[in-house]
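# Results of the structural survey
Now for the letters of each chain:
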Amino acid sequence: MTARSSIDPEQFLHEQLAQASPDLMRQMLTTFINALLSAQADTVCGAQYGARDEARTNRRNGYRHRDLDTRVGTVDVAIPKLREGSFFPDWLLQRRRRAEAALTTVVATCYLLGVSTRRMDKLVQTLGITGLSKSQVSVMAQDLDEHVKQFRSRRLTEGPYTFIAADALVLKVREGGRVVKVAALVATGVNAEGYREVLGLQVATGETGASWLAFFRDLVARGLDGVALVTSDAHAGLVEAIGATLPGAGWQRCRTHYAANLMATTPKSSWPWVKALLHSVYDQPDAGAVHAQFDRVLDTLADKLPAVAEHLDAGRGDILAFTTFPKEVWRQIWSNNPNERLNREIRRRTDVVGIFPNREAIIRLVGAVLAEQHDEWAEQRRYLGLEVLTRCRTALHTTTEADPTPISA
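An account of the accompanying structure is given in this report. Computed from a prediction, not measured in an experiment: that's the story for all the values here.

Turning next to the overall build of the protein. Secondary structure assignment for the protein yields 17 helices and 8 strands. Counting all 409 residues of the protein, 46% fall into the buried class. Summarising the internal contacts of the protein: among those between residues at least 6 apart in sequence, 64% fall at separations of at least 24. Summing over all exposed atoms, the protein offers an accessible surface of approximately 21,000 Å²; the carbon and sulfur share of this is 51%.

What follows is the structure, given as structure tokens:
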């Protein structure tokens, strides 16, 4: 195929519109692109194609064809070759890549939304594109890397972050020729303006004390401060990391996780009864009533289920840490349930992938999901009002002055 070196725009447009081809836009784009490349090559050669001119400095030597995937389909780009030197349209194409920026953004967004490679391939074929391989999808998705990197390393300047929540998700990745499980450590928080933020993401070999310690040290180094309470499950390494990096911060043991732990020591036949007793503690109108009801529950269980009563008594300080703060925020801080929607969204995207090829792919996808959620939270209404946040910090200072010992962690 020889590219047309010049066209009459009026005649060309009239011919194409008369044909009413369903591939009109693709054909027009192909013709215009190849005409522009031919004109640019003429400029490099110093003379028009096929013309004898003393000013000529180079000559054509055929074409090499490249497929360019665009929003209107795959375009056959005819790049003029020169007898001396090389000619490459950097303004149009990127070396070793065949997709325009807009299509790359679409594919990266589909990847972020959890669309599988197979479904993505069918999607682009409906656009007239010859298809996308898994490697092409991966290359396009790498455009997310810089955005995710900036998001994960940003300074945390919106503090104090009065309340934060920490959790870990287990994902599968290929390493060393086998499939292993890794932990994606995630923390969210409430900033000084009452809005929720995604504070950080790290992928660790396991949910260990060392990994949580490194995670929280990174948050502190990036500016995390003013933390009054951290809500999480009872992973020993996590609790120790909180105490080591956030002095003075309290720890709230997630009530949902604790209920599951308590049921493990409770006879199955007594589960409904014990659950009802535990829930009655959280249903009280104020802190004094919560502690009074907790004492009554202990007395009720002491004779019938002493092991359960002992387990409950041992966790008292951890599961009732929320009572230090006003009742208006209890529902937001006494469990990790507010983060469950975020976890479900991450799972919805990662389940499509199944097994990740490497840890970088996990950071790319999960980081992009978290960045997207972070932006959505910034546009929503405040998670906690400014007035109640002020009262929370006042309550914390009052408690600290009355008892200089930090809240049990």
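Right, let's get into the pattern of salt bridges. In total, this model carries 9 salt bridges according to the counting rule given. Close ionic contact of Glu175 with Arg359 constitutes a salt bridge, the shortest N to O distance being 2.5 Å. Placement of the pair is Glu175 in strand S3 (residues 163-175) and Arg359 in helix H16 (residues 359-379), with a sequence separation of 184 residues. In this structure Glu175 comes out as partly exposed when scored by relative accessible area, which is 27%. When the shortest N-O distance is used, the salt bridge between Arg391 and Glu328 registers 2.6 Å. Of this pair, Arg391 sits in helix H17 (residues 386-402) while Glu328 sits in the loop between helix H13 (316-319) and helix H14 (330-333), and the two are 63 residues apart along the sequence. The class for Arg391 is partly exposed, based on a relative accessible area of 32%.

Let's shift gears to the packing of helix H7 (residues 209-221) against helix H8 (residues 236-245). If you want to describe how two helices pack, look at the angle between their axes and the distance between the axes. Where H7 meets H8, the axes come as close as 8 Å, and the angle between the chain directions of the two elements is 35°. For the crossing formed where H7 meets H8, the hand is right-handed. On the side of H7, the interface is formed by Gly209, Trp212, Leu213, Phe216, Arg217 and Val220, while H8 contributes Gly237, Leu238, Ala241, Ile242, Ala244 and Thr245. Class assignment for the residues of the contact of H7 with H8 results in 8 nonpolar, 3 polar and 1 charged.

What counts, and at which threshold
- Residues numbered from 1 in each chain as written.
- Predicted model: local features only at pLDDT ≥ 70, side-chain atom pairs only at ≥ 80, totals over all residues.
- Heavy atoms only, no water.
- Helix = DSSP H or I, 4+ residues; strand = E, 2+ residues; numbered from the N terminus.
- Buried < 20%, exposed > 50% of the residue type's maximum accessible area, 1.4 Å probe, protein only.
- Contact = heavy atoms within 4.5 Å.
- Areas by Shrake-Rupley, 256 points an atom, 1.4 Å probe, with all protein chains shown as cover.
- Salt bridge = Lys/Arg side-chain N within 4 Å of Asp/Glu carboxyl O.
- Axes fitted to C-alpha atoms, helices over the stretch in contact; angles between N-to-C directions.
- Left-handed = near helix turned anticlockwise from the far one by under 90°.
- Nonpolar A, V, L, I, M, F, W, Y, C, P; charged D, E, K, R; others polar.

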